[in-house]
Amino acid sequence: MRTTSRLLLLSLASAAYSSVVDPLLVQSNDAVSGAQDVRVPIVLGVMSGCPDALLCESVFDHVLARVSAKVDLSLTFIGTPNASEPDFGVTCKHGPLECAGNVQELCAQKYAPFDRWWEFVQCQNFQGRYEVGKPETALKCAKSAQLDWENSGVGACAGLNGDGKAEEGVRLLRENVVVTAKMGIEKSCTVIINGRQVCIRDGSWKQCEGGHEPADFIRQIEEEYSKLNQG
């Protein structure tokens, strides 16, 4: 009963999350397959300045190299609503710079095509966790990822100067951390595949019954993809 309730909560939270950023519900993959295939939704619960998140996202970069056409991957961010926090209204574990990084990545996720915003995140991570959230890092990585910061909507959302403090982005962060909490995500990085928590990276890999190597996640995704598209 507890497992059923948790899956229901994740499903409801995913539906709520779809109003904040791109939908997590499985979507048509017609352009790739020519058929009514649906993609496997994957959620990574993270904090942009967390070393475990950077490692987890690196692992999924390898996963996506194999199965990107079969998944819809999104990030959701961990934080604590705090009305007295002056810039973000959220307390982030690794400080305000992490809040800014969360905003930048949420805005990129909302307005940029997947390959552009994912490359943007990977570029930020490559600079090092203490650089994530800095305006110069965001602008540098937008250029590296060929993400049009000024005209795509990302810059207006996160701040044209890259500071992560623009009104829309801050609102997205405030809404997003609430949705993350409703999903029961407390640790960065938490991996959810098709509505089911399958692994946590928190200092070490934990609760990963199906394994935690790229090949393990690829196998689980392939299994879920087959279930979603059987018949």
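Counting restarts for each chain: residues are numbered from 1 in the order of the written sequence. For a predicted model such as this one, the threshold for reporting local features is a pLDDT of at least 70, and the threshold for listing and counting side-chain atom pairs is 80 or more; totals across whole chains, interfaces and linings nevertheless cover every residue. Side-chain numbers here rest on the full set of heavy atoms in the structure, without hydrogens or water.

K.L.:
Requested: an account of the state of the cysteines, with residues and values cited.
P.N.:
We call a pair of cysteine sulfur atoms a disulfide when they lie within 2.5 Å. For the coordinates displayed, the defined rule picks out 5 disulfides. Note on cysteine connectivity: cysteine 107 is disulfide-linked to cysteine 157, with sulfurs 2.0 Å apart. Between cysteine 107 and cysteine 157, the disulfide has an S-S torsion of -65° and is therefore left-handed. In this pair, cysteine 107 sits in helix α4 (residues 96–111) while cysteine 157 sits in helix α7 (residues 154–158), placing the two residues 50 residues apart along the sequence. Comparing cysteine 107 with cysteine 157, the two get one shared label, buried. A sulfur-sulfur distance of 1.8 Å marks the disulfide that ties cysteine 199 to cysteine 208. With the S-S dihedral at roughly 75°, the linkage between cysteine 199 and cysteine 208 falls on the right-handed side. A relative accessible area of 0% means that cysteine 199 is categorised as buried. Owing to a relative accessible area of 17%, cysteine 208 belongs among the buried residues under this scheme. By sequence-ordered numbering of the bonded cysteines, the protein chain has its disulfides arranged as 1-8, 2-3, 4-7, 5-6, 9-10. Here cysteine 50 is not cross-linked by a disulfide; its sulfur's nearest cysteine counterpart is in cysteine 189, at 8.2 Å. Secondary structure elements follow DSSP: runs of H or I no shorter than four residues count as helices, runs of E no shorter than two count as strands, and numbering proceeds from the N terminus. Relative accessibility thresholds used throughout: buried, under 20% of the residue-type maximum; exposed, over 50%; partly exposed, between the two (1.4 Å probe, protein chains only).

K.L.:
Report on the nonpolar core, specifying residues and quantitative values.
P.N.:
Only buried residues count toward a nonpolar core. Its members are Ala, Val, Leu, Ile, Met, Phe, Trp, Tyr and Cys residues joined through side-chain atoms within 4.5 Å. Among the nonpolar cores identified, the biggest contains 62 residues, and Leu44, Phe60, Val191 and Phe217 are the most heavily contacted of them. Counting residues per element, this core draws most heavily on helix α3 (residues 51–67), which supplies 7 residues. Ignoring any residue separated from it by four or fewer positions in sequence, one finds leucine 44 in contact with Cys56, Glu57, Phe60, Leu73, Ser74, Leu75, Thr76, Trp118, Cys189, Thr190 and Val191. Residue contacts follow a heavy-atom distance rule, with two residues in contact if any of their heavy atoms lie within 4.5 Å.

Shape is all these values report; function is a separate question.
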